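Tertiary structure, described
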Amino acid sequence: MAGVCMRTLMKKERSAVYFLPQVEEGGHPESTTMSNSTDEKRTQVNATSENVRRSTRNRLPPSARFSNSSVEVKPTKRKRGEVKKDEDSTKDPDSYENEHNGPGLSEYELERLETIRQNRAFLSSLNLQQTAEMLRLKKKPPQIGLKKEKVVKEVLPVRKSLRLQNKEPTSRSTEQSADFAVTEPKEEEVVRSLTGPVPMCPLNLEEGSTLPEGLIHLWAEEPVKYEGKKLDLEIYKEGLQKMDIHEGRVVKVVKDRVFSAAFHPCASSLLMAAGDKWGKIGIWNMEGSWGDDGVLVFEPHTRPITSTAFSRSQPTTLITTSYDGTARAGDIEQATFKEVYRLEEGLKSFDFFSHDCTTLIIGNTNGCVAIVDMRTPGTSHESLHALDPVSKIVRSVHVHPVQRQYFVAAESSGVRIYDVRCLKKQSSKAVSELSGHTRSVSYAYFSPDTGNRVLTTSFDDKLRVFDTSQVISPPPMLTSIRHNTQTGRWLSKMEAVWDPKQEDCFVVGCLEWPRRIKVFHETGKLVHIFENPDHMTTVCPIVALHPSRNALVGGNSSGRLHVFT
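Not measured: the values here are computed from a predicted model.

Scanning the chain for helices and strands turns up eight helices and 29 strands. Put simply, the chain has 565 residues, and 41% of those count as buried. Relative to all contacts within the chain whose residues are 6 or more apart in sequence, the contacts with residues 24 or more apart total 53%. Accessible surface, the chain: about 34,900 Å² in total, of which carbon and sulfur atoms supply 51%.

Laid out in structure tokens, this is it:
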């Protein structure tokens, strides 16, 4: 009987809901008398029920259990995937501090609120939102100029095993069937160079199309004679600061790396030429509508075009030299690239030897220079002369603008000035030598008007300016500028060139970031920096300046020209 009463009491205790007695303000709770036996039984029941798992879903919150209201509070159910919101987390710490800051907060809570306030002030001072917008990737601008060629992939037959073909396996000695015979493609014969005149047919136009009339008239335009007045340095600097670049002045002219670039001397519009790694010439007019955004591509050579220049006396002629051992004269009127010189060795550079630009002096990769008269029929030279016997290659040649019997040669063993009248077939003796270079020199140029200065670009990370007002005596070095010239394998060699409108200033590409082109004075002073992080994002080691207009072009390794005007 006692066991039955105990089980009945335990069931009642489980289903019962206990409320604390109401307490009146300023009074005492109502007294309730309970027997000692009942307290002991209740203690036993509680001890027994501790091990029983109970659901807390329908349990009332403490505010409802101990309140005077008799309204039943129903628990709210969250939907699947809904995140419980913390009301305190959405509040401003300052408002939280104002509401709860009182004698009831401990020292730790006050310290926590102060830390939150300091962290929020620090984060707001970083301007993270503005920084994120600046670092956000911008849309890639559309490619202007030469379009990409569509490559058609060759569809090969599907290979099947003998089992899928319901054939019995054969021995290894048995020859493969005709269906699976692997035919190795024959190696295409590499053309050393093109022979004879090459027709001026654009590769990016339909076959049989003629040259645009607008290009012919622009190419044949007579150049503006430049008076050669040197401006004050501050006025010259102001003119450079007005030059800028935008999206329409970054154009892909050739397919591969730019090896040389030049401006046409016409002043009505900008016409540029660039030679690439595989013998192609790109002609671009900024205002032209022919071809690909004013770009026409020709292929007069098969190897890198090392030097490009328009004739000053005959602007219809474009002279190019290449590693394929040929020098060509592109005539827009005859629409052909005439072959004017051929040699087994590669040709590195050239310059106009005579005032009428009919005679050339060409340096090759065998350490020799050749005198070539383009009026003479054939492709041979007038004379061939070996320079210093130590030199294995002539990287650049440049003729003195006033005393044209002198020329400066950048050789593998140094920089020397020679007199054409004293050249010999073997081991010609130099008039003077420009000393101070610790490594090989890539380029050496006389100043454009007087020739009183020589600018050299060396692999020892130095740009040097020499005083050549007295050609015969050893020229003293005036300036040595620290400049990184280590372009490596995938970039063209860094080239520093004089500004033809300002004899005492020169420009050079730069490897620094952001990408830029620098302008220096002959004293080593930095005059101006051409840069634009949005439109010039690559190194431009090849640079050229217009002879009469404020225009600068830089060529990069992807075949693009960047023009500042």
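On to the nonpolar core. Formed by 30 residues in total, the largest nonpolar core has its most connected members in Phe506, Val507, Ile517, Val519, Phe530 and Leu552. Listing elements by their share of this core, those giving two or more residues are α8 (233-241), β19 (441-446), β21 (462-467), β23 (497-499), β24 (502-509), β25 (516-521), β26 (526-531) and β27 (542-545). Examining the composition of this core, we find that four residues originate from one element, β24, more than from any other. In terms of nonpolar packing, the next biggest core, distinct from the first, is built from 20 residues, Leu211, Cys266, Phe310 and Phe337 among them.

Turning our eyes to something else, we now look at the packing of aromatic side chains. In the structure shown here, the tally under the stated rule is eight aromatic pairs. Both rings, one in Tyr443 and one in Tyr445, keep their centres 6.1 Å apart while their planes meet at 15 degrees; by these two values the pair is stacked. Feature note: the residues Trp498, Phe506 and Phe520 constitute an aromatic cluster, connected by ring pairs.

Here we come to the pattern of salt bridges. Going through the model one piece at a time under the given rule, you end up with 18 salt bridges. For Asp388, the salt bridge identified is with Arg416, shortest N-O distance 3.8 Å. Linking Asp388 in the loop between β14 (383-386) and β15 (394-399) with Arg416 in strand β17 (residues 414-419), this pair joins segments that are 28 residues apart in sequence. Accessibility assignment for this pair places Asp388 and Arg416 in one class, buried. Note that Arg416 and Glu411 form a salt bridge whose closest N and O atoms lie 3.3 Å from each other. What makes Arg416 buried here is its relative accessible area of 7%.

What follows is about the sheet that holds β21. Ordered by their spatial adjacency, four strands build an open sheet running β19-β20-β21-β22, and the pairing between neighbours is antiparallel. Across the chains shown, the open sheet's two edge strands, defined by having one partner strand only, are β19 and β22 (477-482). Going from strand to strand, the sheet's axes swing by 15 degrees on average, the running direction of each strand aside. Note that β21 and β22 share five bridges and pair antiparallel. Note on β22: the bridge partner recorded for Phe466 is Met477.

With that out of the way, let us pick up the pairing of strand β13 (residues 368-373). Most of β13 is tucked away, with six of its six residues classed as buried. Neither face of β13 is left uncovered, since the one carrying Cys368, Ala370 and Val372 and the one carrying Val369, Ile371 and Asp373 both have all their residues buried. Across five bridges, strand β12 (residues 359-364) lies against β13 in antiparallel orientation. Bridge pairing in β13 links Gly363 to Val369. Connecting the antiparallel pair β12 and β13 is a turn made up of three residues, with Gly367 showing a positive phi of about 80 degrees. By the bridge criterion, four bridges tie β13 to β14 in an arrangement that is antiparallel. Within β14, the position partnered with Ala370 by the bridge is Leu384.

Any region with low pLDDT has predicted coordinates that should not be read closely. Taken residue by residue, the chain gives an average pLDDT of 81. The fraction at 70 or more is 76%. Across residues 85-91 the pLDDT falls below 50, and counting only partners more than four positions away or on other chains, this stretch makes two contacts in the model. Segment residues 173-189: pLDDT under 50, and five contacts once partners within four positions in sequence are set aside and those in other chains are kept.

Right, let's get into the sheet that holds β23. Pairing within the open sheet is antiparallel, and its four strands lie in the order β23-β24-β25-β26. Looking along the sheet, the strands with just one partner apiece sit at the ends: β23 and β26. Direction aside, the axes of adjacent strands within the sheet are offset by 30 degrees on average. Pairing of β24 with β25 involves five bridges; the strand directions are antiparallel. Its bridge partner being in β25, Val507 is matched across the sheet by Val519.

Once that is clear, we can look at unusual backbone geometry. Following Trp513, the chain continues into Pro514 via a peptide bond in cis, with omega recorded as 0 degrees. Summarising the element assignment, Pro514 is placed in the loop between β24 and β25. Despite not being glycine, Asn127 shows a phi value in the positive range, around 55 degrees. Looking at the secondary structure, you find Asn127 in the loop between α5 (107-125) and α6 (128-135). Since its relative accessible area comes to 40%, Asn127 is described here as partly exposed. The phi dihedral of Cys357 is positive, around 60 degrees, even though this residue is not glycine. Position of Cys357 among the secondary structure elements: in the loop between β11 (347-352) and β12. The class of Cys357 is buried, set by a relative accessible area of 2%.

The topology assignment puts His546 in the loop between β27 and β28 (552-555). The class of His546 is buried, set by a relative accessible area of 0%. Separated by 3.3 Å, the side chain of His546 and the backbone oxygen of His264 make a polar contact. A polar contact is formed between the side chain of His546 and the backbone nitrogen of Ser548, at a distance of 3.0 Å. Contact partners of His546, with chain neighbours within four places excluded, come to Phe263, His264, Pro265, Cys266, Leu270, Pro500, Lys501 and Ala551.

Our next topic: a nonpolar patch on the surface. Together, Phe122, Leu123, Leu126 and Leu128 make up a nonpolar patch on the protein surface, roughly 390 Å² of accessible area in all. When you line up the elements, Leu126 lands in the loop between α5 and α6.

Right, let's talk about α8 for a bit. Every α-helix winds through 3.6 residues per turn, so residues three or four apart in the chain are directed the same way. Of the residues making up α8, those classed as buried are Tyr236, Gly239 and Leu240. The buried residues of α8 occupy one face: seen down the axis, they fall within an arc of 100 degrees. Of the surrounding secondary structure, the elements contacted by the buried residues of α8 are β23, β24, β25 and β26. The backbone nitrogen of Glu234 lies 3.2 Å from a side-chain oxygen of the residue at the head of α8, namely Asp232.

About the thresholds
- Residues numbered from 1 in each chain as written.
- Predicted model: local features only at pLDDT ≥ 70, side-chain atom pairs only at ≥ 80, totals over all residues.
- Heavy atoms only, no water.
- Helix = DSSP H or I, 4+ residues; strand = E, 2+ residues; numbered from the N terminus.
- Buried < 20%, exposed > 50% of the residue type's maximum accessible area, 1.4 Å probe, protein only.
- Contact = heavy atoms within 4.5 Å.
- Areas by Shrake-Rupley, 256 points an atom, 1.4 Å probe, with all protein chains shown as cover.
- Core = buried A, V, L, I, M, F, W, Y, C linked by side-chain atoms within 4.5 Å.
- Phe/Tyr/Trp six-rings, centres within 6.5 Å; stacked < 30°, edge-to-face > 60°.
- Salt bridge = Lys/Arg side-chain N within 4 Å of Asp/Glu carboxyl O.
- Pairing = 2+ DSSP bridges.
- Axes fitted to C-alpha atoms, helices over the stretch in contact; angles between N-to-C directions.
- pLDDT = per-residue confidence, 0-100.
- Polar contact = N/O pair within 3.5 Å; in protein donor to acceptor, adjacent residues only side chain to side chain.
- Patch = residues over 30% accessible without salt bridge, like charges linked within 9 Å, V, L, I, M, F, W, Y side chains within 5 Å.
- Arc of directions from axis to C-beta.

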